[in-house]
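Descriptive structure summary
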Amino acid sequence: MNDWNNRTFFWVFQALQFVFLGVVCLDLVGYYIPVAREVLAFLYLTFLPGVLVLKALRLHDLGSIETVLYSAGLSLVVVMLTGLTANFVYPLLGYTRPFSFTILLLTLVAVVQVLLYLALTRDKGRTGESPGLAVPSSPAVPFLLLLPFLAIIGTYMRDGYHMVTLLFLLLILIAVIGLAVGFERLIPKSCYPLGIYAIALSLLYHTSLISEYVWGYDIHHELHLVNSVLIPGLWDMTIPFNTNGMLSVVALVPIYSLICDLDPVWVFKIIYPLLFALVPLGLYRAVEKQTDARIGFLSIFFFFSFFTFYTEMISLARQQIAELFLALTVLAMIDKTMDRGKQAFLMIAFAFAMIVSHYGLSYIYLFSLVPAWLLLAVSERLQSWLPKRLARGASLLKPDSAPPAGTGERGPVRTLILPYILIFAALVYLWYSTVAGGTALATVTGIGDKIWNTLFMDSFNPTTAQGMHILTSQSTTVLHGLAKIVHIATQGLIAVGLLATLVKRERWRIEPEYLAVSLVFLLINVAGIAVPFFASSLNTSRLYHITLIFLAPFAVIGGIALYEKLTGWIRAIRTAPFMGTAYQALSAFFVVFFLFNSGLLYQVMDDNPTSMALDTAGDKPVFNGMEVQGAAWLFSEGNERPIYVDGTRWWLLLGFNPDSQRYVPADASLLEPNTYLYFGTYNLMRDSIRIETQEHAVTTATYTDADRFIWSHHQIYDNAGSAVYYR
């Protein structure tokens, strides 16, 4: 839309806004049109403000993918800032509930009208294209569009009838697509962006939509904080929790919930996956612009095949949004054709949004920028100081030789510069030291102290370095052991790919900024294995997932480099199955990687299943309606007595009150009097309780009989799916 002429843009924009407001008004007076308000409100909040900002910046001819991504990112920035401003301004004007539907709707419409005025005046005289939509014309399009619906129907069948056949089919189809791209069959390159988004969304939905309640870990605390905003209609920024300082939770979710008229649970389960699925799309575009379409697709297939993307990230809503802003930062950083001022605006806007979305990701990115900048600066100095022959070999991070067309500049253009890093660091300090009692700043300093105090004594110690514990621990079965080998092989491919890129810079045209940050992220991976308490501060799998944002393309480059070496040594390898080309071999390898990570192989072989979606029998943080009802009843009593709960059900209770629950001790005699004991469905059906113990950075779990914990307790609540006991 930002490429249209002003007249067309104005009337289409106002028509969209009129339809949206009309549907809302009909809903308010009792004429509900199914799904209409939810869809229109989502589109209104997610894209229209960003399109106006793009037009105000006079950013045109970006292409369909960049326009969608940048408009979504800028819209989220506008929405979060609107919520933040309303939270502080309206109480000063005497309105004590800024997070209420009426005031938020009026405020958002006013903000949009101001942005519309700025867009039309700043882009005055625009004579752009006529409205149109470029859709790839291929039989693959309806097939790809079917995938998310298959995930939705499959989760419905799983929850209602304990049938996972459609989910099995979904995962098999995704594996087939991965092979098809490697063999250049079925999926044309014009459909790669659609395929990336469709697969990512279907993977997210095939886990997020199981159960009618949020499931996982941190998301229960995030839900508690959202309700602490919606109930009083005001965000209390002084509540001393790290997550309370994240606008991606305390502002964005309440706004989507109120405007879309959705329970926050469904905002987390439906809307956030729609946003998070944009991350692989943005990364694909960034890789494709530096390499080619197939490398881009296989890189992102590897990225979202890793189980953290569609399991752990489902229960980390704040990190989902932060990763979207990081992906947009990467996309803006590597674009050497954009006007420098507009590029700086985008990078700083996305940096601020990342900071107010997730503290962990912001810290990792900030701490990677400084050494990356030093690498680039040293490389440039070597080029200028050394003779040309020596500089050619010493300077591995070669900057671009030509500036963007029309800038009038000479020499290399670098987007990762010191002022950007200083602005990022200043925003990090100001925000994290101000909101939520400064807990986010105190947390990172505490982790730093712990690492420093143990660095020289406990390096590579499996009890303190979580990554080393994973590498050295004994696999439960042969199949799980094979999966560990496959994971280690991907790390090897990444290392080879980085080396190949450094050695053959003229072949692999990776932007210097991207390459420098990637080298630092590889060191972060090593630190997750060696440095005490480093990986455990986030969780090793999450840390690896974050580094794959930059490192995934190098696994493909490394695979191509290894394949070329092998075929040079062994000519007969080209005739082996799946080895006709490097892309075919890599697609087969990444499909195997996907089948392990998705849990499909474990489920088929009945070998310690790991899939949240396919396995309906194990003890997982997935809770049914009776468990939620029992927890709600317990907290509705309104007393402050402690509640004992086992390691899995602990997360459910966290969503109601983070201060009341305690872990069930291994010794039943340690249960204090005048306390409650909460049992979920698994505890009742299996007569089992999960007991967790922690040694430094490693948590171990054992299961024990539940009967010995309730012999001296009185049952005061039972709904056949949960029970509460009192002593």
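Quick caveat: nothing in here was measured; it's all calculated off a predicted structure. (Residues numbered from 1 in each chain as written. Predicted model: local features only at pLDDT ≥ 70, side-chain atom pairs only at ≥ 80, totals over all residues. Heavy atoms only, no water.)

1. Things to note about the overall build of the protein chain
Our working rule: Labels follow the DSSP assignment, with helices taken as runs of H or I lasting at least four residues and strands as runs of E lasting at least two, numbered in each case from the N terminus. For the exposure calls, accessible area comes from a 1.4 Å probe over protein chains only, and a residue counts as buried if that area is under 20% of its type's maximum, exposed if over 50%, partly exposed in between. Here, two residues are considered to be in contact whenever any of their heavy atoms come within 4.5 Å of each other. A 1.4 Å probe and the Shrake-Rupley method give the accessible areas. Residues count as covered only by the protein chains that appear here.
From N to C terminus, the protein chain includes 30 helices and seven strands. When each of the 727 residues of the protein chain is scored for burial, the buried share is 57%. Taking the intrachain contacts of the protein chain between residues at least 6 apart in sequence as the baseline, contacts between residues at least 24 apart amount to 75%. Summed over its atoms, the accessible surface of the protein chain is roughly 30000 Å², and 65% of this surface lies on carbon and sulfur atoms.

2. Structural notes on empty space enclosed by the protein
Over the atoms a probe the size of a water molecule is rolled, and this reveals where empty space is left. Definition in use: Only protein atoms enter the calculation, which uses a 1 Å grid: trapped sets of points that fit a 1.4 Å probe without letting it out are cavities, open sets showing protein on both sides within 12 Å along at least five of seven lines are pockets, and any residue with an atom within 4 Å of a point is a lining residue. Grid points are joined across faces, edges and corners, and a volume is the space filled by probe spheres set on the points. Residues are grouped as follows: Ala, Val, Leu, Ile, Met, Phe, Trp, Tyr, Cys and Pro are nonpolar; Asp, Glu, Lys and Arg are charged; all remaining types, including Gly, are polar.
Evaluation of the coordinates by the stated rule reveals two cavities of 30 Å³ or more. Volume-wise, the largest cavity comes out at about 40 Å³. Taken together, Ser208, Val214, Trp215, Ile219, Phe268, Lys269 and Ile314 make up the lining of the largest cavity. Residues of the lining of the largest cavity, tallied by class, amount to five nonpolar, one polar and one charged.

3. Side note on a nonpolar patch on the surface
Heads up, the rule is: Patch membership needs two things, relative accessible area over 30% and no salt bridge, and members are linked within 9 Å if like-charged or within 5 Å if nonpolar (Val, Leu, Ile, Met, Phe, Trp, Tyr). What counts as a salt bridge is simple: a side-chain nitrogen of Lys or Arg found within 4 Å of a carboxyl oxygen of Asp or Glu.
Where nonpolar side chains cluster on the molecular surface, the patch consists of Leu26, Leu28, Val29, Tyr31 and Ile33 and spans about 510 Å² of accessible area. When you line up the elements, Leu26 lands in helix 1 (residues 6-28).

4. Quick notes on the sheet that holds strand 2 (residues 661-663)
Our working rule: Strand pairing is defined by DSSP finding a minimum of two bridges between the two strands. Fitted lines through C-alpha atoms give the axes, limited to the stretch in contact for helices. The angle between two N-to-C directions lies from 0 to 180 degrees.
Here five strands make up an open sheet; going across it, the order is 2-1-3-7-6 and the pairing mixed. Sheet topology places strand 2 and strand 6 (714-718) at the edges, where each strand pairs with a single neighbour. Sheet twist, expressed as the mean angle between neighbouring strand axes with direction ignored, is 30 degrees. Direction of pairing for strand 1 (residues 643-645) relative to strand 3 (residues 676-679): parallel, over a ladder of two bridges. Counted as the bridge partner of Ile643 is Tyr676 from strand 3. Across the face of the sheet, helix 27 (residues 625-636) comes into contact with strand 1, strand 3, strand 6 and strand 7 (723-726) while running at roughly 165 degrees to strand 3.

5. As for the nonpolar core
Put simply, the test is: In this description, a nonpolar core means a group of buried Ala, Val, Leu, Ile, Met, Phe, Trp, Tyr and Cys residues linked to one another through side-chain atoms lying within 4.5 Å.
Counting residues in each nonpolar core, the largest one holds 230 residues, and the members touching the most others are Tyr70, Trp235, Tyr256, Ile259, Phe304, Phe325 and Trp431. Sorting elements by how many residues they give to this core places helix 24 (residues 540-569) first, with 15 residues. Leave out the neighbours within four places in its chain, and Tyr70 touches Leu54, Leu62, Leu328, Leu331, Ala332, Met338, Leu346 and Phe350. Among the nonpolar cores identified, the runner-up in size contains 13 residues, and Leu671, Leu677, Phe709 and Ile710 belong to it.

6. Digging into the side chain of Asp335
Test applied: Pairs of N or O atoms within 3.5 Å make up the polar contacts considered here, provided that, within protein, one atom can donate a hydrogen while the other can accept it, and that residues adjacent in sequence are counted only when both atoms are side-chain atoms.
Within the fold, Asp335 resides in the loop between helix 15 (317-333) and helix 16 (340-355). Classification of Asp335 by relative accessible area gives buried; the value is 8%. A distance of 2.6 Å separates polar atoms of two side chains, one belonging to Asp335 and the other to Thr337. Excluding residues that lie within four positions of it along the chain, Asp335 makes contacts with Lys289 and Gln343.

7. What to know about helix 7 (residues 165-182)
Which entries qualify depends on this criterion: The span you would expect from a helix comes to 1.5 Å times its residue count less one.
Its 18 residues place the ends of helix 7 26 Å apart at the C-alpha level, agreeing with the 26 Å of an ideal helix rising 1.5 Å per residue. Those residues of helix 7 that fall on the buried side of the exposure criterion are Leu167, Leu170, Leu171, Leu173, Ile174, Ala175, Ile177, Gly178, Ala180, Val181 and Gly182. The inward-facing, buried residues of helix 7 contact helix 6 (140-161), helix 8 (192-208), helix 14 (293-305), helix 25 (582-597) and helix 26 (600-605). Backbone geometry just downstream of helix 7 places Glu184 in the positive-phi region, at approximately 55 degrees.

8. Comments concerning the pattern of salt bridges
The tally for this structure, following the rule as stated, stands at 18 salt bridges. Across the pair Arg37 and Asp27 runs a salt bridge whose closest N-O atoms are separated by 2.8 Å. Note that Arg37 is positioned in helix 2 (residues 36-46) and Asp27 in helix 1, a separation of 10 residues in sequence. For the pair Arg37 and Asp27, one class covers both residues: buried. Note that Asp218 is salt-bridged to Arg318, the shortest N-O span being 3.0 Å. One end of the pair, Asp218, is in helix 9 (residues 218-230); the other, Arg318, is in helix 15, with 100 residues separating them in the sequence. Residue classification places Asp218 among the partly exposed residues on the basis of a relative accessible area of 22%. Here the salt bridges do not stand alone but share partners, grouping Glu66, Arg285, Glu288, Lys289 and Asp335 into one network.

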